[in-house]
Amino acid sequence: KYFFRFFSEFGFQSFPCMKTVESFTKETDRNIFSEVMESHQKNDAANGKMLYYLSENFRYPKDFKSLLYATQILQAMAIKSGVEHWRRNRGRCMGTLYWQVNDNWPVASWSSIDYFGRWKALHYAAVHFYAPVAASIKRDGTKISVYLENETFLSQDYQVELKLKTLDLKELDSVSAKGTTEKLSSAEILEKDYKDFFEEVGKETAGKVKKQQVFAEAVITLADGTVLKEVEIFVPYKYLDLNNAVIETSVTEQETEYRITLKADTFVPFLELDLVDADAVFTDNYIMLTDTKPTEIVLKKEKLFAGSFKDADDLKKRLTLQSVRDTY
């Protein structure tokens, strides 16, 4: 709604991950309204705000760990939506700073990196939405608009493809375009209104689909080979007919890194990679699996800051995966 010239402080809280919460709680304390959890929350209104926005976007989590995860996704979505909005309006708005980067104790807060240095979902998201060249999607009802934001001194040639897919990864429609986004600018590069694809509420119509069963994906390829991907849905995540995913996972080891390959049979939103008893920064995390092609995530050995692995098989055994569908 708003178009600030420079938005110098805004934020949204989340809880840290389970490993961090375990550092200051006993099992009986692991409820966000327990005395210990509330003592690690210094904003009296924040727990209520997180639960309100959770109710707007997700189904109620099945357990404490799922609740912690869901608040991190909410935090990433909140800050991402703001930054993308203001970047799309470059010239009118010339910058944003979110509060905050880190914590000085293990706590529920606005940080994107917790007290122990563990990256929350927000920090991984910020790598993308604050990239010098970034893509974003603006949805207005059934209309999808794809933008390219270019915060460099070079024009950017691009090819863009916008697809409508079912949750079981069938492609229903595809449109494409190519062009150039000028230096230090933001531009809409493709638009599509999908209103003719959707059934009316309460009416089943041959050849049409429910909004709960599809998503849109924009893939932008820059001249240097960089690929940017953005996903948008037409209803809140709580209404999506998400499937239980079967995710094939393999891990290979090279001299300086591990390569983790993931392949799913369905749409998997916000897939979190974690390690049972180790800590690391992956090349990406909280990712969207959107097709049957394998997705590769790299873990550089220099980014492993707690724990170690005997080999690739050992890493695979200690790797955990969690997505939105796993929370209920």
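To be clear, the structure that these remarks concern was listed above.
Residues numbered from 1 in each chain as written. Predicted model: local features only at pLDDT ≥ 70, side-chain atom pairs only at ≥ 80, totals over all residues. Heavy atoms only, no water.

Trainee: Go over helix H5 (residues 121–129) with me, naming the residues and quoting the values.
Mentor: Most of H5 is tucked away: 7 of the 9 residues are buried. Where H5 is buried, its residues contact helix H4 (64–88), strand S2 (96–98), strand S3 (133–140) and strand S13 (279–280). (Buried < 20%, exposed > 50% of the residue type's maximum accessible area, 1.4 Å probe, protein only. Helix = DSSP H or I, 4+ residues; strand = E, 2+ residues; numbered from the N terminus. Contact = heavy atoms within 4.5 Å.)

Trainee: Residue-level account of the packing of aromatic side chains, with values.
Mentor: Here the structure, examined in full by the defined rule, presents 21 aromatic pairs. A ring pair is formed by Phe7 and Phe10, whose centres lie 5.0 Å apart and whose planes are at 10°; its orientation type is stacked. Just as Phe7 is buried, Phe10 falls in that class too. Clustering of aromatic rings is evident, with ring pairs tying together Tyr2, Phe4, Phe7, Phe10 and Trp86. The ring of Tyr147 has Arg88 sitting right over it, with the charged end atom 5.6 Å from the ring centre. The ring centre of Tyr258 lies 5.2 Å from the NZ or CZ of Lys301, which sits over that ring. (Phe/Tyr/Trp six-rings, centres within 6.5 Å; stacked < 30°, edge-to-face > 60°. Lys NZ or Arg CZ within 6 Å of the ring centre and 35° of its normal.)

Trainee: Provide a residue-level description of the nonpolar core, including the pertinent values.
Mentor: Inside soluble globular proteins, nonpolar side chains tend to come together where they are buried. Formed by 67 residues in total, the largest nonpolar core has its most connected members in Ile260, Leu275 and Leu315. In terms of residue count, H4 provides more of this core than any other element does, 11 residues in total. Ignoring sequence-local partners within four residues, the contact set of Ile260 consists of Thr249, Ser250, Val251, Leu273, Phe282, Thr295, Glu296, Ile297, Leu315 and Leu319. Counting residues in hydrophobic clusters, the runner-up holds 22 residues, among them Tyr158, Leu164, Ala216 and Ala218. (Core = buried A, V, L, I, M, F, W, Y, C linked by side-chain atoms within 4.5 Å.)

Trainee: Just give me the short version of the pattern of salt bridges, but keep the residues and values in it.
Mentor: Counted according to the given criterion, the structure contains 19 salt bridges. One salt bridge connects Lys165 with Glu217, and the closest N-O pair in it is separated by 3.0 Å. Of this pair, Lys165 sits in strand S5 (residues 156–166) while Glu217 is found in strand S8 (residues 214–222), placing the two residues 52 residues apart along the sequence. Across the pair, Glu217 and Lys165 agree in class, each one buried. Here Arg318 ties to Asp314 by a salt bridge, and the two come within 2.8 Å at their closest N and O atoms. With Arg318 and Asp314 both in helix H6 (residues 312–318), this residue pair falls 4 residues apart, about one helical turn. Note on Arg318: relative accessible area 16%, which makes it buried. For Asp314, a relative accessible area of 15% puts it in the buried group. By sharing partners, the salt bridges in this structure join Lys19, Arg118, Asp274 and Asp279 into a single network. (Salt bridge = Lys/Arg side-chain N within 4 Å of Asp/Glu carboxyl O.)

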